[in-house]
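Residue-level listing of the chains:
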Amino acid sequence: MNECDNSLPRLIYLTSLELQGHADVVLKPYDLTLEQFHPLKIILLEGGAVGQRDLCDLAGKTPANMTRILDRLAAKDFIERHTDSKDRRAFIVHITASGEQLVSKVADLFASYLDNILNGISSQHIKICREVLEHIDKNLKLLAPVNPTSPINKKAHKGKYH
């Protein structure tokens, strides 16, 4: 393997792909992808309802991508969208009872999944890894953003939902 293939950014990228692939396998029996599960979890953590624009920011998704994801979740009866009483052009996304039940089931699976992923890694090493990744994230934010309107460059990296 040459130096380019062994770089830290490449390792982070490949690990991220591997994590997403494994998560999608865990979610497949529920007819759900990680991309769909993440907004459900956010909505539940926000008290069961959140504005669609805020959800885009919190999940780090563009409005077009979030609309596509929410369309799929609504078709599965996991969410409902209602017009915002303060702004008729905006929507508030509500999690349904079946969506709440699904998040509860899947959260237990992910807790076990996370335990398996981190098996054999000390809490000290996990803390160091988190600190290094947060520092890399901070440094990236100091660079000129590739796309300043991207949700990634907004409040998506606050850490609460990732």
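See the structure above.
Residues numbered from 1 in each chain as written. Predicted model: local features only at pLDDT ≥ 70, side-chain atom pairs only at ≥ 80, totals over all residues. Heavy atoms only, no water.

Draft legend 1. View of the environment of Glu80. Positionally, Glu80 belongs in strand E2 (residues 79–84). When sequence neighbours within four positions are dropped, the list of residues in contact with Glu80 reads Ile92, Val93, His94 and Thr96. At 3.2 Å, the side chain of Glu80 and the side chain of His82 are in polar contact. (Helix = DSSP H or I, 4+ residues; strand = E, 2+ residues; numbered from the N terminus. Contact = heavy atoms within 4.5 Å. Polar contact = N/O pair within 3.5 Å; in protein donor to acceptor, adjacent residues only side chain to side chain.)

Draft legend 2. Broad picture of the sheet that holds strand E1 (residues 49–51). Sheet architecture is open: three strands sit in the order E1-E3-E2, paired in antiparallel fashion. The open sheet terminates on both sides in strands that have one partner only, identified here as E1 and E2. Geometrically, the sheet is characterised by an average inter-axis angle of 30° between neighbouring strands, direction not taken into account. Across three bridges, the pairing between E1 and strand E3 (residues 87–95) is antiparallel. Each bridged residue has a counterpart across the sheet, and for Ala49 the counterpart in E3 is His94. Against the sheet, helix H2 (residues 34–45) touches E1, E2 and E3, its axis set at about 95° to E3. This element, helix H3 (residues 52–59), spans E1, E2 and E3 of the sheet and lies at about 90° to E1. (Pairing = 2+ DSSP bridges. Axes fitted to C-alpha atoms, helices over the stretch in contact; angles between N-to-C directions.)

Draft legend 3. Inspection of the side chain of Gln36 at higher detail. Looking at where Gln36 falls in the secondary structure, it is placed in helix H2. Taking relative accessible area as the criterion, Gln36 reaches 5% and is therefore assigned buried. Among the polar contacts listed, one links the side chain of Gln36 to the side chain of Lys76, at a separation of 3.0 Å. Leave out the neighbours within four places in its chain, and Gln36 touches Asp31, Ile69, Arg72, Leu73 and Lys76. (Buried < 20%, exposed > 50% of the residue type's maximum accessible area, 1.4 Å probe, protein only.)

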